[in-house]
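Here is how the chains run, residue by residue.
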Amino acid sequence: MLRCIDVFKHYHDIDALRGVTLDIAPGRTTVLIGPSGCGKSTLIRMMIGLIQPDQGRVLFADVPITPANVLALRRRMGYVIQEGGLFPHLTARANVTLMARHLRWNRQAIQQRITELADLVQLPLAMLDHFPAELSGGQRQRVSLMRALMLDPDVLLLDEPLGALDPMIRFDLQNDLRRIFQRLRKTVVLVTHDIGEAAFFGDMIVLMRDGRIVQQGSLEELLHHPADAFVDRFITAQRSPLESLEPT
Amino acid sequence: MIRCALLLILSITTTAFGAVTVGSKSFNESVILGEIAAQSIRANRIEASHRRQLGGTRVLFDALLRGDIDVYPEYTGTIEQEILNGQPLASFASRGISMTRPLGFNNTYAIGVRTDLAQRLGLKTISDLRKYPELTFGFTNEFMDRKDGWPALRGAYHLPQANVTGLDHDLAYRALASGSIDVTDLYSTDAEIAYYKLVILDDDLHHFPRYDAVYLFRSDLNPIAVAAIKRLEGTISQAQMIQMNAQAKLQRVPEAQVASNFLATLGIRTIPLRETNAQQILQRTREHLFLVGVSLLAAIFAGIPLGIIAYVLPRIGQLILIVIAAIYTIPSLALLVFMIPLLGIGAWPAIVALFLYSLLPIVRNTHEGLREIPASLRESARALGLTPIAQLSQIELPLALGPILAGIKTSAVINVGTATLGALIGAGGYGQPILTGIRLDNVALILQGAVPAALMALAAQGLFDLLERLVMPRGLRLQPEHL
């Protein structure tokens, strides 16, 4: 679905990406994980064309992303960022329907799609008339997800979507998100720094460090066959303290 | 038959030449002389208007060259030093400018003493001062500093006095009256000469240059109007001019009435034009609103796009911001005067100057407002697949609305205040009564301009506050606890 072929990205004096080649499998959830500054956010933003690679290519359905086709391609991808990125001057409904209105969908189609999506993300319809500032963090992420799904994209890209939420809300939303991913069977790319979250969502986990991919595979593979000492350390470091309390 | 022919010629000449515009500088004597010229031209059945108190020499002379005005009173000393600047008087002819002969009085620097002191000591000339080294001199600060002021005077007359202080012009008169100084400098037709009963000592060594009053006029001026102002040559004595200045400044007789009274002594009957206070205020309000409204509207329509360009194209943007900031640093008065050679006098040069002045807050706030939009929101708009135009119109501009409106508000308030200076180049507005008030030392008149100007500034502020409430989306007014 999405392919990165040997991409490089250099900022001022930082090498954000140093030769990444990655194939995102269609219909599955791929999680990009790694310590901060490893290049995972740069990579996902490159996939939606917010950043151009200095070297290498990014292909969407075998078509290279170029400035000429980026607008059309973006409309086939949904993008959710930490804290939602909702426009504060628009109501939740206007945020969700912005692109559809821009593309001159008819009112009925828009209304129908909104009802479907609100049901999918479990947001009461009345909430859609509120402004982002009047919604809770969890509700904002649900609206943001609706906005990303409005045009029924082929791919859903989520950059730390749960990063700013407190644990209880996060837990609820994690479950809802996984249910949604399973129901939609879309190609999903999710960025996180939390190995638990990666394991929870990911069919495929891609571990990155210093602008390179260290290892990709299932959690099992990463856990039992770490490519190097870093993989081992990264996973062990995040092991829940609760585990040590469990009876052996 | 002859009368018919004369009337015919008269009507042809009046229509061919049109109305005459008289100008005057922003001090009493100039306004009175302007009024005298306008009324005597009118007495010859030629339409004449008087654009009173237009700034200084530069403004008036440029306006005369351009034909914005046809006549204005000037002084030979000023013509020599400020206008001709070493060129011969004949150069006027090639520029289409003519000059009357002196009107009769010489308004130059003069040395004055109290009449009783002059009589007691027998002072008649400046040379007489040499005999009384114990006299106290108090000169205006300007006169103390000028090359042709006190240092030159002392040298020319070998004056021995050591007790010399510098002080303010108005204070000098009071100090003289109270006896704390004996001698001061003044202009030889100052209104106060009569009021404080002062005597002007004769400049027997001809130290001070002559400032004979004359009219400068365009050579293509209607010959009948030329005859009317030439009729005034040699008719105004020093004593008469002092008297007229005193009437206008100290007794607050309207200049039009002062001029009319004087012309009556020459047998010229005129009716001074008068307006009621309410009419005047209404007229000033209309003029002021016109200046502010047109210039501000233009600044909004130019400023917001310039701010957007500055944001979209940062390199050109830097240049735009620098140029506009540079314009802003030009003192407003200088900017107004720069406009005269390009656009003449009146409302339009003032509007252009005000427009340029109003640009900075609008351009800068638009640019800043757009730049301060959080990167996450800007990226969200791009990631959705909105076209650049839609990103700007649907997301970025609405998000920057607050700063943009604040910029317009700042511009409006500055504009209302600065527009009062427009009166100096004949734009009218609330500056007109302020100028007159300063000229006549009349606080009530100053307030007639200053109070409505302040009210208009407040109203502009209120209007934009209201507009902000109406057009700002509710979502932006909510205090987001965390977005």
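We now turn to the structure provided with this report. The model shown is predicted, which means the values in this text are computed figures rather than measured ones.

Criteria and cut-off values
Residues numbered from 1 in each chain as written. Chains lettered and ligands numbered in written order. Predicted model: local features only at pLDDT ≥ 70, side-chain atom pairs only at ≥ 80, totals over all residues. Helix = DSSP H or I, 4+ residues; strand = E, 2+ residues; numbered from the N terminus. Expected span 1.5 Å × (residues − 1). Buried ≥ 20, exposed ≤ 12 C-beta atoms within 10 Å, placed from the backbone. Contact = placed C-beta atoms within 7 Å. Core = buried A, V, L, I, M, F, W, Y, C linked by C-beta atoms within 7 Å. Pairing = 2+ DSSP bridges. Axes fitted to C-alpha atoms, helices over the stretch in contact; angles between N-to-C directions. Parallel < 35°, antiparallel > 145°, perpendicular 65-115°, else oblique. Left-handed = near helix turned anticlockwise from the far one by under 90°. Nonpolar A, V, L, I, M, F, W, Y, C, P; charged D, E, K, R; others polar.

**Focus: helix α20 (residues 401–418) of chain B**
All names here are of chain B.
Next, step 1: A rise of 1.5 Å per residue sets the reference length of α20, with its 18 residues, at 26 Å; its end C-alpha atoms lie 25 Å apart and thus fit the reference within 8%.
Next, step 2: Residues of α20 that are buried: Ile-404, Gly-407, Ile-408, Lys-409, Ser-411, Ala-412, Ile-414, Asn-415, Val-416 and Thr-418.
Next, step 3: Tucked into the core, α20 has its buried residues touching α14 (277–312), α16 (332–343), α17 (347–371) and α22 (443–471).

**As for helix α3 (residues 92–102) of chain A**
Next, step 1: Turning to α3 of chain A, its buried residues are Ala-92, Asn-95, Val-96, Thr-97, Leu-98 and Met-99 of chain A.
Next, step 2: Against α4 (107–121) and α5 (137–149) of chain A together with α18 (375–384) of chain B lie the buried residues of α3 of chain A.
Next, step 3: With its phi angle positive at about 60 degrees, Arg-104 of chain A sits one or two positions after the end of α3 of chain A.

**Quick look at the nonpolar core**
Next, step 1: By size, the foremost hydrophobic cluster in this structure holds 191 residues, and its most contacted members are Leu-157 and Val-206 of chain A together with Ile-229 of chain B.
Next, step 2: Per-element tally for this core: the top contributor is α17 of chain B, with 13 residues.
Next, step 3: Setting aside its immediate chain neighbours within four residues, Leu-157 of chain A contacts Ile-44, Met-47, Ile-48, Met-77, Gly-78, Tyr-79 and Val-189 of chain A.

**Some remarks on the sheet that holds strand β5 (residues 63–64) of chain A**
Strands in a sheet are paired, the pairing made by backbone hydrogen bonds, and the direction either parallel or antiparallel.
Residue and element names in this part refer to chain A.
Next, step 1: Pairing in this open sheet of 4 strands is antiparallel, and the strands run β2-β1-β4-β5 from one edge to the other. One side of each edge strand has no neighbouring strand; the edge strands of this open sheet are β2 (14–24) and β5.
Next, step 2: Looking at chain direction, strand β1 (residues 2–11) and strand β4 (residues 55–60) are connected through 5 bridges and run antiparallel. If you follow Phe-8 over to β4, its bridge partner there is Gln-55.
Next, step 3: Packing against the sheet, helix α1 (residues 40–47) makes contact with β1, β2 and β4, and its axis sits at approximately 120 degrees to β1.

**Quick word on the sheet that holds strand β3 (residues 29–33) of chain A**
All names here are of chain A.
Next, step 1: With mixed pairing, 6 strands are arranged side by side in an open sheet as β6-β7-β8-β3-β9-β10. Of all the strands in the sheet, the pair left with one neighbour each is β6 (77–81) and β10 (212–217). Strand-to-strand twist of the sheet, defined as the mean angle between neighbouring strand axes without regard to direction, takes the value 15 degrees.
Next, step 2: Sheet topology note: the β3/strand β9 (residues 204–209) ladder contains 4 bridges and is parallel. Within β9, the position partnered with Leu-32 by the bridge is Val-206.
Next, step 3: Against the sheet, α5 touches β6 and β7 (155–159), its axis set at about 160 degrees to β6.

**Here we look at the packing of α17 of chain B against α20 of chain B**
Residues and elements named next belong to chain B.
Next, step 1: Contact geometry for α17 and α20: axes closest at 8 Å, N-to-C directions at 165 degrees. In terms of orientation, α17 lies roughly antiparallel with respect to α20. As for the relative orientation of α17 and α20, their crossing is right-handed in sense. Here α17 contributes Leu-354, Tyr-357, Ser-358, Pro-361, Ile-362, Arg-364, Asn-365, Thr-366, Glu-368 and Gly-369 to the contact with α20, which in turn contributes Gly-402, Pro-403, Ile-404, Ala-406, Gly-407, Ile-408, Thr-410, Ser-411, Ile-414, Asn-415 and Thr-418.
Next, step 2: Class assignment for the residues of the contact of α17 with α20 results in 9 nonpolar, 10 polar and 2 charged.

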